[in-house]
Amino acid sequence: MQPVSKKGFFFIIFNFLIFFILDKTNALGFELYSVIGQSDGAGFALAYLLINSSTKKIDGIRTNILAEFFNQLQNRGLKYLQFFLSDKDFAQITAAQSIWSNIKIQLCLWHIKKALKKKLADNTPPKIINYSSYSAHEAFNFIDIEFYPLVFDKKKEKNFIFCPKDLRPKIIELLESHLHRHPLIPNCVGQFLSREDIWRLSVQEIYEFCYKHNLRHVWAYLWTNWYQKNMWILWGRAAVEDHICIFRTTMLIESHWKVIKRDFLPKFFRPRIDFLIYIIISRLIPHQQQQYQKYLSGRENVSWRKDFKKEWKRLEKSKINNFYLTDTTKWICGCLSFACSRFLICKHLIQKYGRPKSFHNIYRQGKYPFIYF
């Protein structure tokens, strides 16, 4: 092991990585971070880091520790990384961007929806409003300067409703559809839009919905936290025009925590740090290495292939009502189901292509063709 600082350390496991997933779990005053790489859709731990939780009370210290952690990884050969999946933790994001300047941050869709549901259901009157209708209007002239959150009478605070319950699902649905748009994927009328066009169209759709239903506070929150340019590039897949991240959530890291807690530490709620490190080194790492060799040798298939085959067979039987721009060579379709699909498949593509000879030789990637056999 090599020290990162007095309050953090790490060790390298595998020296391969296509993108980063970073998350943490608490363990008796310390946070355990894990960096996960993927090979053919299967996640493998690349490095671990333990940080004293008390560092959260000191501004910038956690960011500095993570930045040095990433710097050590870079020095060991990880010069270029394409994607960094994480929840909306700006200590992680800032640290990653400081080491890999061109990296694409991709916020986890599950965490995005969770944050939205929580905020839209919170009817606590906001104490501070950071929204500026003038700066929003400067970005897009269709945004009305007069459409901003109103200062309400204290007597009416008890009746404050941030967002009506019946409108919440539509807002989440709109944001999710905006996340999946990308210049490499045609829209429903067969057009390929640029990154700026996708951003503008997404902002316009969510703004018009809020304006129509007079959701002033909702719009202010959405613009400030999600749709202004510096926030949109963190979660919109279109922020990188020539490549798509094939993962939308941090489920690989969540699965990794599940393995650690249920398979290796089922009887230890908050294990001692020395015992935790011992388990990771002596049991978890060998298990990961064995599993990786099984995938390489073909003795075992990655788990997503079973789900892929099941979804393919289901879509083969689906009835086609509408037709879109469909290209099996590039493996693209203009329907919304394709863009939102976990595997980038839809009934139009599958029924046009037919049944593959084998589901064991199917591979996914973030550029044309998205799926190749």
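Now for a quick tour of the structure. (Residues numbered from 1 in each chain as written. Predicted model: local features only at pLDDT ≥ 70, side-chain atom pairs only at ≥ 80, totals over all residues. Heavy atoms only, no water.)

Topic: the nonpolar core
Soluble globular proteins tend to bury their nonpolar side chains together. Core analysis: the largest hydrophobic core is formed by 63 residues, its most contacted members being Phe70, Trp219, Leu222, Trp223 and Trp226. Counting residues per element, this core draws most heavily on helix α7 (residues 216-227), which supplies 8 residues. Apart from residues no more than four positions distant in its own chain, Leu222 is found in contact with Leu116, Ile171, Ile206, Cys210 and Tyr227. In this structure, Val302, Trp331, Ile332 and Cys335 belong to the second largest nonpolar core, which totals 27 residues. (Core = buried A, V, L, I, M, F, W, Y, C linked by side-chain atoms within 4.5 Å. Buried < 20%, exposed > 50% of the residue type's maximum accessible area, 1.4 Å probe, protein only. Helix = DSSP H or I, 4+ residues; strand = E, 2+ residues; numbered from the N terminus. Contact = heavy atoms within 4.5 Å.)

Let's talk about the environment of Ser341
Its location among the elements puts Ser341 in the loop between α12 (336-340) and α13 (347-353). On the accessibility criterion, Ser341 (12% relative accessible area) is buried. On a C-alpha basis, the gap between Ser341 and Gly41 in space is 15 Å, while along the polypeptide they are 300 residues apart. Reaching out from Ser341, the side chain makes a polar contact with the backbone nitrogen of Ile345 at a distance of 3.2 Å. (Polar contact = N/O pair within 3.5 Å; in protein donor to acceptor, adjacent residues only side chain to side chain.)

Comments concerning the pattern of salt bridges
Per the counting criterion, the structure on display carries 10 salt bridges. Salt-bridge contacts for Glu173 lead to Lys170; the nearest nitrogen and oxygen are separated by 3.7 Å. One end of the pair, Glu173, and the other, Lys170, are both in helix α5 (residues 168-180), 3 residues apart, so they sit about a helical turn from each other. Overall, the relative accessible area of 46% leaves Glu173 in the partly exposed class. (Salt bridge = Lys/Arg side-chain N within 4 Å of Asp/Glu carboxyl O.)

Quick look at unusual backbone geometry
Glycine aside, residues mostly have negative phi, and peptide bonds are mostly found in the trans state. Between Tyr368 and Pro369 the backbone carries a cis peptide bond, its omega angle lying at -15 degrees. Secondary-structure assignment places Pro369 in the loop between β10 (363-364) and β11 (371-372). Its identity as a non-glycine residue notwithstanding, Trp331 has a phi of 60 degrees, on the positive side. Here Trp331 is to be found in the loop between β8 (326-327) and β9 (332-333). Its identity is not glycine, yet Leu344 carries a phi of approximately 55 degrees, on the positive side. Secondary-structure assignment places Leu344 in the loop between α12 and α13.

Things to note about the packing of helix α3 (residues 109-120) against α7
Two elements in contact, α3 and α7, have axes separated by 12 Å at closest approach and are oriented at 150 degrees. Taken together, α3 and α7 sit at an angle that is classed as roughly antiparallel. Considering how the two elements wind past one another, α3 and α7 form a crossing that is right-handed. Contact residues: Ile112, Ala115, Leu116, Lys119 and Leu120 in α3; Val218, Tyr221, Leu222 and Trp226 in α7. Its residues assigned to classes, the contact of α3 with α7 shows 8 nonpolar, no polar and 1 charged. (Axes fitted to C-alpha atoms, helices over the stretch in contact; angles between N-to-C directions. Parallel < 35°, antiparallel > 145°, perpendicular 65-115°, else oblique. Left-handed = near helix turned anticlockwise from the far one by under 90°. Nonpolar A, V, L, I, M, F, W, Y, C, P; charged D, E, K, R; others polar.)

Points about the pairing of strand β6 (residues 83-86)
Side chains of β6 alternate between two faces, with Phe83 and Leu85 and Phe84 and Ser86 buried alike. As paired elements, β6 and strand β7 (residues 104-107) share 4 bridges and run parallel to each other. Bridging across to β7, Phe83 finds its partner in Lys104. This β-α-β element, β6 to helix α2 (residues 90-99) to β7, shows right-handed connectivity. (Pairing = 2+ DSSP bridges. Right-handed = clockwise from strand over helix to strand, strands pointing away.)

Points about the environment of Ile185
The residue Ile185 is located in the loop between α5 and α6 (195-212) in this model. By relative accessible area, which is 6% here, Ile185 ends up buried.

With respect to the environment of Ser39
Looking at the secondary structure, you find Ser39 in strand β4 (residues 30-39). Along the primary structure Ser39 and Tyr207 are separated by 168 residues, whereas in three dimensions their C-alpha atoms are 39 Å apart.

A few points about the packing of aromatic side chains
If you walk through the whole model with that rule in mind, you get 33 aromatic pairs. Geometrically, the ring pair formed by Trp304 and Phe308 is edge-to-face, given 5.8 Å between the ring centres and 85 degrees between the ring planes. Note that Trp304 and Phe308 are positioned in helix α11 (residues 304-316) at a spacing of 4 residues, about one turn of the helix. Classification of Trp304 as buried rests on a relative accessible area of 3%. Under the relative-accessibility criterion, Phe308 is labelled buried at 1%. What links up through ring pairs into an aromatic cluster is the set Tyr131, Phe140, Phe142, Phe147, Trp199, Tyr207, Tyr211, Trp219, Trp223 and Trp232. (Phe/Tyr/Trp six-rings, centres within 6.5 Å; stacked < 30°, edge-to-face > 60°.)

Quick look at the packing of α6 against α7
Contact pair α6 / α7: the axes reach a minimum separation of 9 Å and the direction vectors enclose 160 degrees. With respect to α7, the element α6 is oriented roughly antiparallel. Crossing handedness for the pair α6 and α7: right-handed. Here Trp199, Ser202, Val203, Ile206, Tyr207 and Cys210 of α6 come into contact with α7, specifically with Val218, Trp219, Leu222, Trp223 and Tyr227. Classifying every residue of the contact of α6 with α7 by side-chain character gives 10 nonpolar, 1 polar and no charged.

Here's the deal with the pairing of β4
Looking along a regular strand, one sees side chains alternate from face to face of the sheet. Of all 10 residues making up β4, 8 are buried, and the element is well covered by its neighbours. When β4 meets strand β5 (residues 42-52), the two strands line up antiparallel, connected through 10 bridges. Of the residues in β5, the one forming a bridge with Val35 is Ala47.

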